[in-house]
Amino acid sequence: MWAKSPLSIITGGPGTGKTTTLRVILDIYKRVRPKGEILLAAPTGRASRRMVESTGHPAASTLHSALGLFADEEDRYLGGSQPLEADLVIVDEVSMIDMRLAAELFRRVEAGTQFLLVGDPDQLPSVGPGNVLRELLRCGLIPTVHLDIAYRQKNASRIALNAHTINEGDKDSLAYGEDFRFLPAEQADEAAQIVLAVYQEAVTYQNLLEVQILAPFRSRGECSVKRLNEEIQKRINPPDPCKKELKYGAQVFRELDKVIQTKNREAVSNGDVGLIVSITQDEEEGDTVRVLFSDERAVDYSAEELSQLELAYATTIHKSQGSEYHTVIIPILKDQYIMLRRNLLYTAVSRAKQQVSLVGQKQALWITGAKQKLGAPHACGLHFARPQAACQTGAAYLTEGIMKADIAAWFSHRCFLAVPGVSHYSAVRNALPACRELGIHTVLMAFDMDMYENPAVANCFQTIRGILLEEGFQVKQITWDRAFKGIDDYLKGQIIRPN
């Protein structure tokens, strides 16, 4: 398939041999075209290095590096315009690619290049707008192979079986044992204590980098990444006269702390995890923190660069994409309701190779099985773009058209909702419970301005407004420069100002 088509896709669940299959493809390609140029790439540094380990190919790069891109403080891509000079381009972990990065990638592939995409469409979609891999598969025009036998874990591993069960939404058929445990906790504080105890036990006989807590929330609740990192640091790496430490803002970094890189830079990629091996304090030269990453790369940070590091005993499930660990510990609670989706738990569970420990409430598992996947179109017909922003602001912008909502959400970093049409009142009404789940209390109507002036649809807008007010939502109307028809066009470099 891949040898005959200029564009093809390989998909499959965790451990089904996607990257191992690439080893065979590369071996065949090198024999047939020994002088052919090959480029391997992935969205993250960890995923690209795993491609090297899995395939035996001497090099792989991040997509940003391959494309010559870097992001400014507002996440706008800068630099890079040259085409990809390769005869065969293979990109792994495509589910993590948003539509802006995908556009840059496809724009740079030259005619005559063989282009192979690899990924798992059932994992979490990209943090940015769009669900690129799923839409490419859905179009039905691209030759695709789906791998469906798990090899990462031993045969009959409960991890592989349960990942499949979770993905199917079958909450009642999870199989438990030593490699897949459920540890009950009634309250969040109790769950946090169990998570900490399990982590402490695991790191006594495993490498610190191979044990990972994966939490749905970054900073909300006792089982958030922030709170768990604080408590774990106190337990396994407390202050010690023999260990140097350095304070950056409210965060204390200490020798032997496990940390994660949060921005792409020349020597290290966003998402890379390592250990602080030394802290040098010098009044003249300045303070320096040295981090040893998992592939033995040592990177030095000045005090000003510590903003790029965070503690990494616990990370968000989104951050774990493209990674593998021996042991994964996952807090799962009802108060995480707005994030409990099948592909969130599926992604977390499928990161583990040897053991999974779920800690929390069985009701939360049932919620996970019952609720749709993040990134999937809502059953009521309403599309949510960047829903995580609504958790922070309590506000969402309502417009028409999925693409318009995705683009506007990307440029504004806000939550946008897209209805299939201004007269689809049922889509709006049926979506209100989901809006409440996200904590949305204010809806800002951002339909194309010329539509507001169209008598044929003016009543539709008033009806939608009435539905929202009737259900207790605050409603505002957005206006912008008339030179721009749609909110997505206007937001390219503009700021929304509600009336």
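Everything discussed here concerns the structure shown above.
Residues numbered from 1 in each chain as written. Predicted model: local features only at pLDDT ≥ 70, side-chain atom pairs only at ≥ 80, totals over all residues. Heavy atoms only, no water.

**Student:** Break down the nonpolar core for me, citing the residues and quoting the values.
**Tutor:** Core analysis: the largest hydrophobic core is formed by 37 residues, its most contacted members being Tyr199, Ile213, Val289, Val291, Tyr301 and Ile329. Within the residue set of this core, elements represented by two or more residues are helix 7 (188–203), strand 10 (211–215), helix 8 (225–236), strand 14 (273–280), strand 15 (288–293), strand 16 (298–302) and strand 17 (309–311). Take this core: its biggest share by element is 9 residues, from helix 7. When near neighbours in sequence (up to four residues on either side) are disregarded, Tyr301 contacts Gln261, Arg265, Val268, Asp287, Thr288, Val289, Val291, Phe293, Leu306, Gln308 and Leu309. In this structure, Ile159, Ala163, Leu340 and Leu345 belong to the second largest nonpolar core, which totals 26 residues. (Core = buried A, V, L, I, M, F, W, Y, C linked by side-chain atoms within 4.5 Å. Buried < 20%, exposed > 50% of the residue type's maximum accessible area, 1.4 Å probe, protein only. Helix = DSSP H or I, 4+ residues; strand = E, 2+ residues; numbered from the N terminus. Contact = heavy atoms within 4.5 Å.)

**Student:** Please set out the sheet that holds strand 15 residue by residue, giving values where relevant.
**Tutor:** Taken in spatial order, the 5 strands line up as 16-15-14-13-17 in an open sheet, and their pairing is antiparallel. Strands at the two margins of the open sheet, each flanked by one partner only, are strand 16 and strand 17. Between one strand axis and the next, the sheet turns by 40° as a mean value, whatever way the strands run. In the sheet, strand 13 (residues 258–261) pairs with strand 14 via 3 bridges, with the strands oriented antiparallel. Paired with Val259 across the two strands is Gly274, which belongs to strand 14. (Pairing = 2+ DSSP bridges. Axes fitted to C-alpha atoms, helices over the stretch in contact; angles between N-to-C directions.)

**Student:** I'd like a rundown of helix 7, residues and numbers included.
**Tutor:** The end-to-end C-alpha distance of helix 7, which contains 16 residues, comes to 23 Å, matching closely the 22 Å that a straight helix rising 1.5 Å per residue would cover. Taken together, the buried positions of helix 7 are occupied by Ala188, Ala191, Ala192, Val195, Leu196, Val198, Tyr199, Ala202 and Val203. For helix 7, the angular spread of the buried residues around the axis is 165°, confining them to a single face. Each element contacted by the buried residues of helix 7 is listed here: strand 9 (180–184), strand 10, helix 8, strand 13, strand 19 (325–332) and strand 20 (352–360). (Expected span 1.5 Å × (residues − 1). Arc of directions from axis to C-beta.)

**Student:** Provide a residue-level description of the pattern of salt bridges, including the pertinent values.
**Tutor:** On inspection of all chains with the given rule, the structure shows 18 salt bridges. Arg33 is the partner of Asp87 in a salt bridge, and the nearest nitrogen-oxygen pair spans 3.8 Å. Placement of Asp87 in the loop between strand 5 (77–78) and strand 6 (88–91) and of Arg33 in the loop between helix 1 (18–32) and strand 2 (38–42) is noted, with a sequence separation of 54 residues between them. Glu231 is paired through a salt bridge with Lys234; the nearest N and O atoms lie 3.4 Å apart. You can see Glu231 and its partner Lys234 sitting in helix 8, 3 residues apart, about one turn around the helix. (Salt bridge = Lys/Arg side-chain N within 4 Å of Asp/Glu carboxyl O.)

**Student:** Describe the packing of aromatic side chains, naming the residues involved and giving the relevant values.
**Tutor:** Across all of its chains, the model carries 5 aromatic pairs by this definition. Ring plane angle 85° and centroid distance 6.3 Å describe the contact between Tyr199 and Tyr313, whose orientation is recorded as edge-to-face. You can see Tyr199 sitting in helix 7 and its partner Tyr313 sitting in the loop between strand 17 and strand 18 (314–316), a full 114 residues away along the chain. What makes Tyr313 buried here is its relative accessible area of 0%. Ring geometry for Tyr397 and Phe416: centres 5.0 Å apart, planes at 20°, overall stacked. A residue pair is termed long-range when its members are at least 10 positions apart, and Tyr397 in strand 22 (residues 395–400) and Phe416 in strand 23 (residues 416–419) qualify at 19 residues. Grouping aromatic residues by their ring pairs yields a cluster made of Tyr176, Phe180 and Phe182. (Phe/Tyr/Trp six-rings, centres within 6.5 Å; stacked < 30°, edge-to-face > 60°.)

Purely spatial values, then, with no claim about function.
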